[in-house]
Every structure is written in C-alpha cells, then in structure tokens.
Amino acid sequence: MLQDIKSGQNTQNIQGTMSVKPFAGRVKSVHGQIVEVEFDDNSNLPKLYDILTSPENSKIRLEVYAFPTDQTLNCLSLTKRHLLYRNMPIESTGNPLTIPVGKNILGRVFNIYGEPQDNKGPINDDIRLPIFAKEKGASKIRTQSEIIESGIKVLDFFVPFIKGGKIGFVGGAGVGKTVLMTELIRNITYQHEGVALFAGIGERIREGHELMKALEESKVISRVALLFGQMNENSIIRFRIAWAAATIAEYFRDVDKKDVLLFADNIYRFIQAGSEVSAILGAIPSELGYQATLETEISNFENRLIGTESGSITSCQNIYVPADELTDIAVVAIISHLDGAVILSRAVASKGYYPSVDILLSSASTLNPTVVGDFHYKTATQAIETLHNYQRLARIVAIIGESELSPLDQLIYRRAKKVVNYMTQPFFTTQAQSGKQGVSVPREQTIHDVDIILSGKLDDVVAEELMNIGGLQESGLLGQTTSMNTGINRNQPPTTIQPQANTAATPIPNSPHPNQTSPTTTVQPQANSVKPIPPESSTTQTQTNTAILKPNQTSTLN
C-alpha cells in the first residue's frame with residue numbers, strides 16, 4: 001500500500017465507480033443503525049468492513065458487519081436513516097472506509113468521510129487510506145526518552161512529557177481538560193517541527209469551533225489537521241473516528257517520516273461509542289454494562305500510536321470520568337496504556353487552583369533519573385514527599401490551627417503551600433476570560449524555582465504571592481543576588497547544579513509571614529536540609545508515585 005502511495009497511485013475512492021461490480025443487492029430492512037441487505041448472487045460477496053453504497057445516492061455508506069444467512073448480510077449504517085428506503089439498490093465499493101491523508105489536509109477541518117467542515121473549499125484527496133491498518137512488528141518499534149517541554153509548570157515538573165509517549169488528562173466534566181489540551185497544542189506546536197493532528201471524538205461542536213479559532217489566532221493552524229466526529233453523529237461514526245485519526249498519524253510517520261503530535265478529545269467517548277455499537281448488535285455486555293470487547297478495542301487503537309524507525313507519534317488524550325469515579329473500568333483500561341496520567345480534580349478547581357491538577361494522584365513512568373536526570377528526580381521526589389506531609393498537616397490545621405504545629409511542621413506546611421500555589425499558572429488560551437496574561441515557563445526554571453522554595457529561601461514570602469505567576473525571577477520574588485543556574489545536565493551529578501546555600505535572596509522588608517514571630521533565621525534550615533517528618537508519621541510518606549492509579553484512592557490539596 002505504501003509503495004502505491006509513493007509512486008502516486010491512488011487508492012479507490014469510496015464514492016467512485018468501478019468497471020466491474022463485485023456485488024449488488026437491495027435494502028431489505030432497517031433496524032436503527034443496523035441495515036439488512038439481501039442479494040441474489042453470492043458469488044462476489046464483499047469482505048468484512050467493506051463499504052456498500054447506492055448508485056442512486058453516493059452519500060449512502062454501509063459497513064459490512066456479518067453474514068447471517070446465505071442471501072442476506074448485516075451492515076452498520078454510517079448514513080442518516082431517512083436517506084434509506086426498502087428495496088434501495090446497493091452495490092459494493094470494494095474497499096473499507098477510507099480517509100484523505102497527506103499535506104493537503106493540514107490547516108483543514110473535515111469529517112470521517114474527508115468532507116470539509118470549514119467553508120474553505122474542497123480538500124484535494126488524491127491520497128486516501130483505509131482506516132484499518134496492520135499492526136507494526138516488534139522489531140520496528142523504537143522508544144525514546146527525549147523530553148518535550150510544554151511550558152506548563154505542573155506538567156513539566158511532575159508529569160514529564162516525552163516524544164513518542166502517551167499522556168492523558170483525566171477528570172470529570174468542567175474541570176479544564178479541553179482548556180489544558182488547547183494550551184498544550186498552542187505551546188508545543190510553536191516549537192514542534194513536525195505536524196499535529198486533533199481528533200474530536202464525541203465532543204461538542206462548540207468546542208471544536210473554539211479550538212479552530214484559537215489555532216487560527218495563534219497562527220499555528222497551517223501545521224494542524226482537525227478531524228471531527230462529534231456527539232451529534234451516530235455511534236458508528238464516533239466509534240470509527242479514532243481509527244481514522246490513527247491512520248492519518250501513521251501516514252505522516254511512515255510515509256512523510258515526520259514526528260506527529262496527536263491530540264484526542266475524548267477517548268472515553270470512543271469507548272462509549274463502542275458500547276453503544278455493541279448494544280445495537282445485541283451483544284451481551286460485561287460487568288457494569290460495558291462491551292465485552294472493551295480491552296481489545298482500546299488496545300488496538302493505542303498500539304497504533306507508537307514510535308518507529310521512520311518517526312514518532314506523541315499522543316495527548318483527554319479522558320472523561322463519568323460521575324468523577326476514577327475506578328470506572330473504562331477509565332482504568334485507558335490509563336493502563338499511558339505513560340503519564342494527569343488527574344484533574346473538581347475539589348482543587350473549586351479552591352481556585354488552575355490548572356486544577358491533583359498532584360498526588362497524577363503520576364508518570366517518565367519521572368525517573370534516566371529520563372529527567374538526577375536533579376529533577378531528586379527535587380520532584382522531595383516535593384511529592386512534602387506535599388504528602390502537607391496533606392496530613394492540613395487536617396490538623398483545619399481542627400486546631402497552624403500555630404499548634406511544631407516549628408518544623410510549620411515550615412513544611414508553609415513551603416508545601418507555596419509549592420501548590422506556584423504550580424498555578426495563567427494560560428494564553430484563557431486570557432480573554434481571566435484577564436491575565438498567559439505565561440510559559442521553561443522546565444529547567446521550574447525545577448530551579450521549586451528547589452528554591454523547598455530550601456527555605458522564600459520563607460519570608462507570603463504564599464498568596466506565588467499564585468498565578470510564571471517564574472520566580474520574572475515575578476520579582478527573588479533578590480538581585482540570587483543567580484539562576486539553568487545549565488542543568490541530566491548526566492551531571494546533582495551537587496554541581498544545586499544552588500549554593502549562601503545565595504538566598506534578601507527577605508522582602510515589612511512583609512513577614514503572619515505566623516512568623518521574628519524575621520530571624522533561627523527556625524530556617526540550611527538549603528536542601530528539610531528532613532522528613534519523624535518516624536511516627538512515616539506511613540503518610542511515599543516514594544515517587546509510580547502507580548498510575550489505585551482503586552478507591554482520593555486526594556485533595558488545600
């Protein structure tokens with residue numbers, strides 16, 4: 001197939017005519033989205049997944065699903081039901097559903113048939129590919145550990161994003177998944193040399209239109225193709241749109257040999273559409289009402305999004321959580337295929353922290369020294385440990401107040417609160433709504449800033465001053481004597497890149513912490529000397545969060 005594409009030969013268009021009709025039949029009955037087609041001659045039967053159409057109306061598209069008898073076959077209808085009628089003539093195209101690929105689709109918005117949806121004229125679809133593809137052999141798969149900077153502090157620090165990897169934004173309705181993905185598209189596409197593809201799977205038309213306008217304003221739409229099968233479409237289209245997106249990404253990777261960014265919103269809707277299709281076909285569901293083939297369907301999709309010797313596919317996926325239940329089996333099945341899961345919490349959002357990421361539940365397999373380096377790993381581990389202690393201390397503070405904590409616990413509590421506040425950030429894509437200028441912070445600067453907070457150099461700064469800022473240097477929270485070492489080398493020992501103990505910034509005058517009785521440093525430890533909580537509280541301390549998700553686990557940062 002790829003040789004035919006390289007030589008300029010086109011695949012058969014499903015709307016084209018064929019010199020020899022391999023199959024001819026007529027509509028016998030329509031049962032919802034199941035269409036029964038009867039035929040007289042069974043010598044040239046179509047194959048499974050082949051598309052049938054009608055010589056009277058090229059918009060008729062029926063996907064062959066089963067052969068219940070010798071004279072009938074059942075099809076899944078990708079067509080609006082009012083276009084069908086009994087005894088309508090049906091013929092085969094000889095091909096499965098195909099989608100246009102290539103550079104002509106960049107900057108365009110289209111549906112699963114390749115029909116433009118942006119009022120910019122027809123799409124040159126000289127090259128079309130079937131949405132079903134063969135799996136890659138294990139010898140052709142190539143893994144990488146190159147970090148992609150997003151400019152979003154909480155992602156770059158706690159859930160690093162690597163080329164060829166998979167990251168998911170997990171959360172219920174209205175917690176900011178689409179906003180976070182839109183910001184990620186804007187930031188990464190600016191510095192990305194390859195192409196980007198956005199697949200809208202079962203989401204709202206309004207969100208797709210807003211995304212298109214945001215990309216146009218950012219002047220990056222010329223490198224992005226947008227494919228939509230939204231919630232007003234029938235379940236068959238919503239189920240197949242994910243396969244179509246994977247096919248386009250594979251073409252750019254294997255033929256054009258480019259690095260591809262694939263953004264999918266929403267993968268849960270893909271599973272939901274498959275459940276609807278299963279119910280239409282009368283299949284017996286598994287536990288909790290999902291289709292019995294759930295694991296197979298999500299695996300077949302995710303296994304196509306890999307890196308090869310030709311290029312890579314880096315995917316970012318939104319995952320809707322029904323009723324905010326993170327232990328939903330569909331959500332767990334999707335997360336099991338990801339390198340990193342960013343858990344968005346409604347409780348965090350209600351406190352005004354945006355992006356509303358629950359840091360303690362979010363995790364990534366890429367947060368290890370071999371990928372991010374020793375200094376990043378050490379700083380992130382210390383931050384996670386501090387936040388676990390903060391979660392425990394917050395319960396005590398809510399009952400008896402912060403003043404009843406020991407001096408060491410007060411330090412830990414205040415510094416953890418500063419880390420939580422520092423991870424908030426105004427976005428470029430929400431400037432009109434928030435009135436705050438968006439910021440993008442380099443990963444190395446984020447690591448250095450967190451290290452400064454944990455070392456105690458900002459103990460005299462009120463925690464609220466770290467809300468919705470960029471870097472500490474740009475925000476004026478560091479003194480002139482503080483110099484930032486941005487030359488972080490992942491292979492260099494951490495002692496060569498940590499700030500010196502005597503380079504602390506001069507405290508801001510007349511701005512002591514409300515609970516700090518004296519501006520002296522008698523209770524401030526030296527840089528990087530914060531000790532873990534005594535052994536009696538060790539049950540609350542954890543190592544790096546290596547598990548993506550644990551059943552019945554909850555976390556809310558105050």
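Residues numbered from 1 in each chain as written. Predicted model: local features only at pLDDT ≥ 70, side-chain atom pairs only at ≥ 80, totals over all residues. Heavy atoms only, no water.

**With respect to the nonpolar core**
Here comes step 1: Ranked by internal contacts, the top residues of the largest apolar core, which has 74 residues, are Phe158, Phe169 and Leu472.
Here comes step 2: Looking at this core element by element, the count peaks at 9 residues for helix H11 (residues 374-400).
Here comes step 3: If we skip the residues at most four places from it in the chain, phenylalanine 169 touches Leu155, Lys177, Leu180, Met181, Leu184, Cys316, Gln317, Asn318, Ile319, Val342 and Leu344.
Here comes step 4: One finds Leu76, Val170, Ile201 and Ala264 within the second-largest nonpolar core, a separate group that totals 63 residues. (Core = buried A, V, L, I, M, F, W, Y, C linked by side-chain atoms within 4.5 Å. Buried < 20%, exposed > 50% of the residue type's maximum accessible area, 1.4 Å probe, protein only. Helix = DSSP H or I, 4+ residues; strand = E, 2+ residues; numbered from the N terminus. Contact = heavy atoms within 4.5 Å.)

**Some points on a nonpolar patch on the surface**
Here comes step 1: Nonpolar side chains collect at one region of the surface, where Leu45, Leu48, Tyr49 and Phe67 lie side by side and expose about 350 Å² of accessible area between them.
Here comes step 2: Look at tyrosine 49 and you get partly exposed, because its relative accessible area is 38%. (Patch = residues over 30% accessible without salt bridge, like charges linked within 9 Å, V, L, I, M, F, W, Y side chains within 5 Å. Areas by Shrake-Rupley, 256 points an atom, 1.4 Å probe, with all protein chains shown as cover. Salt bridge = Lys/Arg side-chain N within 4 Å of Asp/Glu carboxyl O.)

**Overview of the confidence of the model for the protein**
Here comes step 1: Per-residue confidence for the protein gives a mean pLDDT of 82; residues scoring 70 or more make up 81%.
Here comes step 2: Low pLDDT, under 50, characterises residues 1-19; the stretch is placed with 31 contacts to residues that sit more than four places away or in other chains. (pLDDT = per-residue confidence, 0-100.)

**Structural notes on unusual backbone geometry**
Here comes step 1: Omega for the bond connecting tyrosine 354 with proline 355 falls within 30 degrees of zero, at 0°, which places this linkage in the cis form.
Here comes step 2: In this fold, proline 355 is placed in the loop between helix H9 (346-350) and strand S18 (363-364).
Here comes step 3: A positive phi angle is found at asparagine 119, which is not glycine, with a value near 60°.
Here comes step 4: One can find asparagine 119 in the loop between strand S8 (109-110) and strand S9 (128-130).
Here comes step 5: The exposed category is assigned to asparagine 119, whose relative accessible area is 80%.

**Some remarks on empty space enclosed by the protein**
Here comes step 1: The final tally for this structure, using the stated rule, is 4 cavities of 30 Å³ or more.
Here comes step 2: Volume-wise, the largest cavity comes out at about 90 Å³.
Here comes step 3: Lining of the largest cavity is provided by 11 residues; of these, Val348, Pro355, Val357, Ile359 and Val420 occupy positions nearest its centre.
Here comes step 4: Taken together, the residues that form the lining of the largest cavity break down as 9 nonpolar, 1 polar and 1 charged.
Here comes step 5: Estimates place the volume of the second largest cavity at around 70 Å³.
Here comes step 6: As for the second largest cavity, its lining consists of Thr178, Phe198, Gly200, Glu203, Arg204, Glu207, Gly208, Leu211, Phe228, Gln230 and Asp265.
Here comes step 7: The set of elements that each furnish at least two residues to the lining of the second largest cavity consists of strand S13 (195-201) and helix H4 (205-218).
Here comes step 8: Per-element accounting of the lining of the second largest cavity gives the leading share, 3 residues, to H4. (1 Å grid on protein atoms, 1.4 Å probe; cavity = no way out; pocket = protein on both sides within 12 Å on 5 of 7 lines; lining within 4 Å. Points joined across faces, edges and corners; volume = space filled by probe spheres on them. Nonpolar A, V, L, I, M, F, W, Y, C, P; charged D, E, K, R; others polar.)

**Topic: the sheet that holds strand S2 (residues 34-38)**
Here comes step 1: Spatial ordering of the closed barrel is given by S1-S2-S5-S4-S3-S6, a layout of 6 strands whose pairing is antiparallel. Across this sheet, the average inter-strand angle for adjacent strands is 45°, counted without regard to direction.
Here comes step 2: The pairing of S2 with strand S5 (residues 72-77) spans 5 bridges and is antiparallel. Each bridged residue has a counterpart across the sheet, and for glutamate 36 the counterpart in S5 is asparagine 74. (Pairing = 2+ DSSP bridges. Axes fitted to C-alpha atoms, helices over the stretch in contact; angles between N-to-C directions.)

**Looking at the pairing of strand S4 (residues 57-66)**
Here comes step 1: Two elements, strand S3 (residues 50-54) and S4, share 3 bridges in a ladder whose sense is antiparallel. Across the sheet, the residue bridging to serine 54 is asparagine 57, located in S4.
Here comes step 2: Remark: 2 residues form the turn of the hairpin made by S3 and S4, two consecutive strands paired antiparallel.
Here comes step 3: Where S4 lies against S5, 4 bridges are found, and the strand directions are antiparallel. Of the residues in S5, the one forming a bridge with leucine 62 is serine 77.

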